[in-house]
Amino acid sequence: MPERPHVVFLNRVYPPTPGATGALLAELAPALVERGWRVTVLTGPEDGEPRSETRADGVRVERVRALPFDHQHVWQRALTYALLFPAFAARALRLPSPDVLVTKTDPPMLKVLGPILARLTGAQTLHWAQDLYPEVAAGVGVLSGDGIVTGALRRLSTAVLRGHDHVVSVGRCMRERLVAGRGLPEDHVSVVPNWPLSVVEPVPRNENPFRAEHDLDGRFVVMYSGNMGLAHPFDTVLNAAAHLRDASPEVLFLFVGDGPRKSELKRHADRRGLSNVQFLPFQPRERLAQSLSAADLHLVTMRPELEGLVVPSKLYGALGAGRPVLFLGPDGSEAARVVRDHDCGTVLPETAGTALADAIRHWHESPDRWAAGAEQAHAAVAGARADAVEQFATLLRRVLDANT
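Here's what I pulled together on the structure shown here.

Here we take up the packing of aromatic side chains. To describe a pair of aromatic rings, one takes the distance between the centres and the angle between the planes. Summed over all chains, the structure comprises 6 aromatic pairs. Ring centres 5.0 Å apart and planes at 80 degrees place the aromatic pair Tyr 224 and Phe 234 in the edge-to-face group. One end of the pair, Tyr 224, is in strand β9 (residues 220–225); the other, Phe 234, is in the loop between β9 and α8 (235–247), with 10 residues separating them in the sequence. Tyr 224 sits in the buried class, given a relative accessible area of 1%. Centroid distance Phe 255 to Phe 279: 5.1 Å. Interplanar angle 20 degrees. Geometry classified as stacked. With Phe 255 in strand β10 (residues 251–256) and Phe 279 in strand β11 (residues 277–280), the pair connects residues that are 24 residues apart, well separated along the chain. Chaining the aromatic ring pairs together yields one cluster made of Tyr 224, Phe 234, Phe 255 and Phe 279. We note Lys 104 situated over the ring of Trp 128; from NZ or CZ to the ring centre the distance is 3.8 Å.

Enumeration according to the criterion identifies 26 salt bridges in this entry. The salt bridge partner of Arg 38 is Glu 3, with a shortest N-O separation of 3.6 Å. Of this pair, Arg 38 sits in strand β2 (residues 38–43) while Glu 3 sits in the segment before β1 (6–10); the two residues are 35 residues apart in sequence, bridging distant segments of the chain. Take Glu 3: its relative accessible area is 65%, and that puts it in the exposed class. One salt bridge connects Glu 390 with Arg 35, and the closest N-O pair in it is separated by 2.7 Å. Of this pair, Glu 390 sits in helix α15 (residues 384–401) while Arg 35 sits in the loop between α1 (20–34) and β2, placing them 355 residues apart in sequence.

Pairing is parallel across the open sheet formed by 6 strands, whose spatial order is β11-β10-β9-β12-β13-β14. Of all the strands in the sheet, just β11 and β14 (345–347) have a single pairing partner and so form its edges. Pairs of neighbouring strands in the sheet enclose a mean axial angle of 20 degrees, with direction left out of account. By the bridge criterion, 2 bridges tie β9 to strand β12 (residues 297–301) in an arrangement that is parallel. Its bridge partner lying in β12, Val 222 is registered against Leu 297. Relative to β10, α8 is tilted by about 150 degrees, and along the sheet it contacts β10, β11, β12 and β13 (325–328).

Below, the discussion takes up helix α12 (residues 334–342). Along α12, the residues that are buried comprise Glu 334, Ala 335, Ala 336, Arg 337, Val 338 and Val 339. Structurally, α12 contributes buried residues whose contacts are with α6 (172–181), α11 (314–320), β13 and β14. Positive backbone phi, at 50 degrees, marks Asp 343, one or two positions downstream of α12.

On the basis of which strands lie adjacent, the open sheet formed by 8 strands has the order β3-β4-β2-β1-β5-β6-β7-β8 and mixed pairing. In the strand order of this sheet, the two ends are held by β3 (52–54) and β8 (189–191), each with one partner. Taking the axes of each pair of neighbouring strands and ignoring which way they run, one obtains an average angle of 20 degrees across the sheet. In the sheet, β1 pairs with β2 via 5 bridges, with the strands oriented parallel. The partner of Leu 10 across the bridge, within β2, is Leu 42. Packed onto the sheet, helix α3 (residues 113–121) meets β1, β5 (100–103) and β6 (124–129) and runs at close to 165 degrees relative to β5. The strands touched by α15 within the sheet are β1, β5, β6, β7 (166–169) and β8, with β6 carrying the most contacts at an inclination of about 150 degrees.

Moving on to the environment of Ala 380. Note on placement: Ala 380 falls in helix α14 (residues 367–380). Once the C-alpha coordinates of Ala 380 and Ala 212 are considered, the two residues, 168 residues apart in sequence, prove to be 28 Å apart. In contact with Ala 380, other than residues within four places in its own chain, are Leu 319 and His 342.

Before going further, it helps to spend a moment on the side chain of Arg 91. Note that Arg 91 resides in helix α2 (residues 74–92). A residue is classified by how much of its surface remains accessible, and Arg 91, at 7% relative accessible area, is buried. Within the structure, Arg 91 has its side chain in polar contact with the backbone oxygen of Arg 63 (distance 3.0 Å). Beyond its immediate stretch of four places on either side in the chain, Arg 91 contacts Leu 42, Arg 51, Glu 62, Arg 63 and Val 64.

Where empty space is left can be seen by rolling a probe of water-molecule size over the atoms. Scanning the model with the defined rule gives 1 cavity of 30 Å³ or more in all. Of the volumes computed, that of the largest cavity is approximately 40 Å³. Along its surface, the largest cavity is lined by Val 8, Ala 92, Leu 95, Pro 96, Pro 98, Leu 101, Leu 117 and Thr 121. Taken together, the residues of the lining of the largest cavity break down into 7 nonpolar, 1 polar and no charged.

Here we come to the side chain of His 298. With respect to the helices and strands, His 298 occurs in strand β12. Leaving out residues up to four positions away in the same chain, His 298 has contacts with Met 223, Ser 225, Leu 292, Ala 318, Arg 323, Pro 324, Val 325 and Leu 326.

When its volume is computed, the second largest pocket comes out at roughly 260 Å³. Considering the residues around the second largest pocket, the lining is formed by 17 residues, among which Pro 193, Asn 194, Tyr 316, Ala 380 and Ala 384 are closest to the centre. Counting residues per element, the ones that place at least two in the lining of the second largest pocket are α12 and α15. Its residues assigned to classes, the lining of the second largest pocket shows 9 nonpolar, 4 polar and 4 charged.

Before going further, it helps to examine the nonpolar core. Of all hydrophobic cores here, the largest spans 88 residues; its most connected members are Phe 9, Leu 10, Val 39, Trp 128, Leu 315 and Leu 319. The dominant element in this core, judged by the number of residues it contributes, is α15, at 9 residues. Setting aside residues up to four positions removed in sequence, Trp 128 forms contacts with Phe 9, Leu 25, Leu 28, Val 102, Thr 103, Lys 104, Thr 105, Val 168, Val 170, Asn 194, Trp 195 and Phe 392. In this structure, Val 222, Val 251, Val 277 and Ala 374 belong to the second largest nonpolar core, which totals 30 residues.

Conventions used here
- Residues numbered from 1 in each chain as written.
- Predicted model: local features only at pLDDT ≥ 70, side-chain atom pairs only at ≥ 80, totals over all residues.
- Heavy atoms only, no water.
- Phe/Tyr/Trp six-rings, centres within 6.5 Å; stacked < 30°, edge-to-face > 60°.
- Helix = DSSP H or I, 4+ residues; strand = E, 2+ residues; numbered from the N terminus.
- Buried < 20%, exposed > 50% of the residue type's maximum accessible area, 1.4 Å probe, protein only.
- Lys NZ or Arg CZ within 6 Å of the ring centre and 35° of its normal.
- Salt bridge = Lys/Arg side-chain N within 4 Å of Asp/Glu carboxyl O.
- Pairing = 2+ DSSP bridges.
- Axes fitted to C-alpha atoms, helices over the stretch in contact; angles between N-to-C directions.
- Contact = heavy atoms within 4.5 Å.
- Polar contact = N/O pair within 3.5 Å; in protein donor to acceptor, adjacent residues only side chain to side chain.
- 1 Å grid on protein atoms, 1.4 Å probe; cavity = no way out; pocket = protein on both sides within 12 Å on 5 of 7 lines; lining within 4 Å.
- Points joined across faces, edges and corners; volume = space filled by probe spheres on them.
- Nonpolar A, V, L, I, M, F, W, Y, C, P; charged D, E, K, R; others polar.
- Core = buried A, V, L, I, M, F, W, Y, C linked by side-chain atoms within 4.5 Å.

Next comes the structure, spelled out in structure tokens:
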């Protein structure tokens, strides 16, 4: 019986370490095991977790040593990222020889290791692009858009992407950036959209204990759930809350999660006396269905300059919970296309707070439209995880077979 092919994924986070990239990988990896692959995940440290283990689902998890991760301080985060590269490389070279190496995008520029490790191990390589660096860093102001460093990193990034055997993007807009902007051949890049986690499903309002626990009954909840980071504009959201505070006091803006901008958001909301804005911490995986379903509408935000560079993963959680989405961001992005294609929300590119407030009122005051939007939201991602697994299995096999 021939030995099963071995695929190694590299990513900074993997459960129980929180993070969207790791959560998605934790659903793909066991599914590949079921399809006959040996799967190893090379990832960062987590307190209380073994350095090396084979889990019940058949996935081998190898954790490297690293500095603690700090969401608040950019340079400490950068140092943590930098030290992960040699740690990943050293551990990868001690693993059983992989047939395919898959790099993700946490930490940024992790793709650099793909071609290097491929040369040293003989593996084929695939890059799973959740975002595009260094453009993302320039888009959020961490790097200068026309600086020497940004230019050098972009040239390096393009060369490295060409050095992979294949690239997976998570959106059509990202594929367009890679082909038109980076000059990658069209057949070098595929689109595999993200998906809602398997634990996420609609929970009816009157059966949802999360709403009762947090005094949400009787409120029309507009939820932002996820990382409150640099890629997400929030001024419009707070302006909408100010418009609705007195006019529609039953509308509640609920921010669920953490991130570098959370403390700033809380200060602004307090200073403006926005009693209709509340905050909750990240919710554990086992409560995601209740948490996401506690919303009546979900907010997904993205800076216009990041079109084609990121696709907000929170979009898929909202759709999986069967809730309409208000997308504040560029009209050509994958998120906007999904919302429009499935008629499951409202797209508001470069909008003001008054327009967002009007959109919220529309959904609140149109129960039939809300019910249709909720049904279409859930239908938009029906079967998405199974489709993604099938696409990844096909691409991995294609990459592997191309060298035989």
